Amino acid sequence: DDSAHRRVGLKDINCTLSRDIADVIRKSQPQGEITLLSSPNGSTGIGYYGNFRTLGTLYWENLAGLRAAASVLAAKTDEEAAQRIRELGITHLALVSDENFISQYYLLLNPGATPQEAMQCFGNRVLFNKVLPPWLQILPYKVPDDVATLNVTVMLLKVNFRQTTAEAFYHIAMAQAAAGEREAAGKTLERVIA
């Protein structure tokens, strides 16, 4: 049907989104090794286009990588997540709402846990509640208009253990501005100035 009507299919649009995300991540760190944490599908697509190391793909019998990804995203505290991120050498996170494996990771590592408990883990707090620890630098990103039909939320983050509070608020303001939230960006910048 898509071919007959000369439309791009949703699966093909995902490739475009992965390529765009990879470009933004590479621009945030033009030199050096990047190790990406994302969903299993996101890790594969974004890692391919960016030529990044990734954790947690569903390919190549990657049980160790899936466990490593789960140990970060399903962490119960920010401190636990930071420790695992340091141990694994993770430099960036790409959280995409429609490829969200965070609750599944939590439930796999914590059998018998409730879905409400899973929503309190590190990955869900970051993606859905927008609660960022001071060592995560949000990267300005807006889903391109030509792939907006995917109707996804994307949060791109760079690990920055030296980030100051003022820098964190500045990066949040830039991300808000990129997303078109100009009023919120202005208020956040006022906090930086104060």
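Above: the structure in question.
What you are looking at is a predicted structure, and each value in this text was computed from that prediction instead of being measured.

Asker: How do you make sense of the overall build of the protein chain when you look at a structure like this?
Answerer: Within the protein chain, the regular secondary structure consists of nine helices and five strands. Traced from its N-terminal end to its C-terminal end, the protein chain shows the element sequence α-β-α-β-α-α-β-α-α-α-β-β-α-α. For 194 residues, the compact-globule formula gives about 16 Å, and the C-alpha radius of gyration of the protein chain, at 17 Å, lands near that figure. With respect to the principal axes defined by its C-alpha atoms, the protein chain has extents near 55 × 40 × 35 Å. Taken across its 194 residues, the protein chain has 45% of its residues classed as buried. Looking at the protein chain alone, contacts between residues at least 24 apart form 59% of all its contacts between residues at least 6 apart. Per element, the accessible surface of the protein chain, about 10,900 Å² overall, is 52% carbon and sulfur. Considering the protein chain, the positive charge centre built from 19 side chains and the negative charge centre built from 20 side chains are found 3 Å apart.

Asker: Before we go on, may I ask you to explain the pairing of strand β5 (residues 154-159) in this structure?
Answerer: Regular strands place side chains that alternate from one sheet face to the opposite one. Among the six residues of β5, six are classified as buried, and the element is accordingly described as predominantly covered. For strand β3 (residues 92-96) and β5, the ladder comprises five bridges, and the chain directions are antiparallel. Bridged to histidine 92 within β5 is lysine 158. As judged from the three bridges shared by strand β4 (residues 136-138) and β5, these two strands associate in the antiparallel manner. Paired with isoleucine 138 across the strands is leucine 157, a residue of β5.

Asker: Looking at this model, I keep getting lost on the nonpolar core. Mind explaining?
Answerer: Here is a general trend for soluble globular proteins: nonpolar side chains tend to be buried in one another's company. Among the nonpolar cores identified, the biggest contains 31 residues, and Leu37, Ile90, Leu93, Phe122, Leu136 and Leu157 are the most heavily contacted of them. Those elements that place two or more of their residues in this core are α3 (63-73), α4 (78-88), β3, α5 (102-109), α7 (122-127), β4 and β5. When residues of this core are assigned to their parent elements, the largest contribution, five residues, is made by α3. Not counting residues up to four positions away in its chain, the partners in contact with isoleucine 90 are Thr35, Leu37, Leu55, Val72, Ile85 and Val159. In this structure, Ile13, Ala22, Leu36 and Val152 belong to the second largest nonpolar core, which totals 20 residues.

Asker: Help me understand the packing of α3 against α5, please; the structure alone is not making it clear to me.
Answerer: A pair of packed helices can be characterised by two numbers: the angle between their axes and the separation between those axes. Packing of α3 against α5 leaves a shortest axis separation of 9 Å and a crossing angle of 100°. When the interaxial angle is binned, α3 and α5 end up roughly perpendicular. On α5, the residues that touch Leu66, Ala69, Ala70, Ser71 and Leu73 of α3 are Ile102, Tyr105 and Leu109. In the contact of α3 with α5, the residues fall into seven nonpolar, one polar and no charged.

Asker: When you look at α4 in this model, what are you seeing that I'm missing?
Answerer: In an α-helix, one turn spans 3.6 residues, which is why side chains three or four residues apart end up on the same side. Taken residue by residue, α4 has Asp78, Ala81, Ala82 and Ile85 as its buried positions. All buried residues of α4 fall inside an arc of 100° around its axis, so they share one side. The elements touched by buried residues of α4 are α3, β3, α7 and β5. Positive backbone phi, at 70°, marks glycine 89, one or two positions downstream of α4.

Asker: Can you help me understand the pattern of salt bridges in this one?
Answerer: Opposite charge on two side chains allows them to pair when their charged atoms are near. Applying the stated rule across the entire model yields five salt bridges. Across the pair arginine 125 and aspartate 78 runs a salt bridge, and its minimum N-O distance is 2.7 Å. Within this pair, whereas arginine 125 is found in helix α7, its partner aspartate 78 is found in helix α4, the two being separated by 47 residues in sequence. An identical accessibility class is assigned to arginine 125 and aspartate 78; each is buried. Glutamate 183 is the partner of lysine 187 in a salt bridge, and the nearest nitrogen-oxygen pair spans 3.5 Å. With lysine 187 and glutamate 183 both in helix α9 (residues 182-193), this residue pair falls four residues apart, about one helical turn.

Calculation rules
Residues numbered from 1 in each chain as written. Predicted model: local features only at pLDDT ≥ 70, side-chain atom pairs only at ≥ 80, totals over all residues. Heavy atoms only, no water. Helix = DSSP H or I, 4+ residues; strand = E, 2+ residues; numbered from the N terminus. Rg over C-alpha atoms; globule rule 2.2 N^0.38 Å. Buried < 20%, exposed > 50% of the residue type's maximum accessible area, 1.4 Å probe, protein only. Contact = heavy atoms within 4.5 Å. Areas by Shrake-Rupley, 256 points an atom, 1.4 Å probe, with all protein chains shown as cover. Lys, Arg positive; Asp, Glu negative; His and termini not counted. Charge placed at Lys NZ, Arg CZ, Asp CG, Glu CD. Pairing = 2+ DSSP bridges. Core = buried A, V, L, I, M, F, W, Y, C linked by side-chain atoms within 4.5 Å. Axes fitted to C-alpha atoms, helices over the stretch in contact; angles between N-to-C directions. Parallel < 35°, antiparallel > 145°, perpendicular 65-115°, else oblique. Nonpolar A, V, L, I, M, F, W, Y, C, P; charged D, E, K, R; others polar. Arc of directions from axis to C-beta. Salt bridge = Lys/Arg side-chain N within 4 Å of Asp/Glu carboxyl O.

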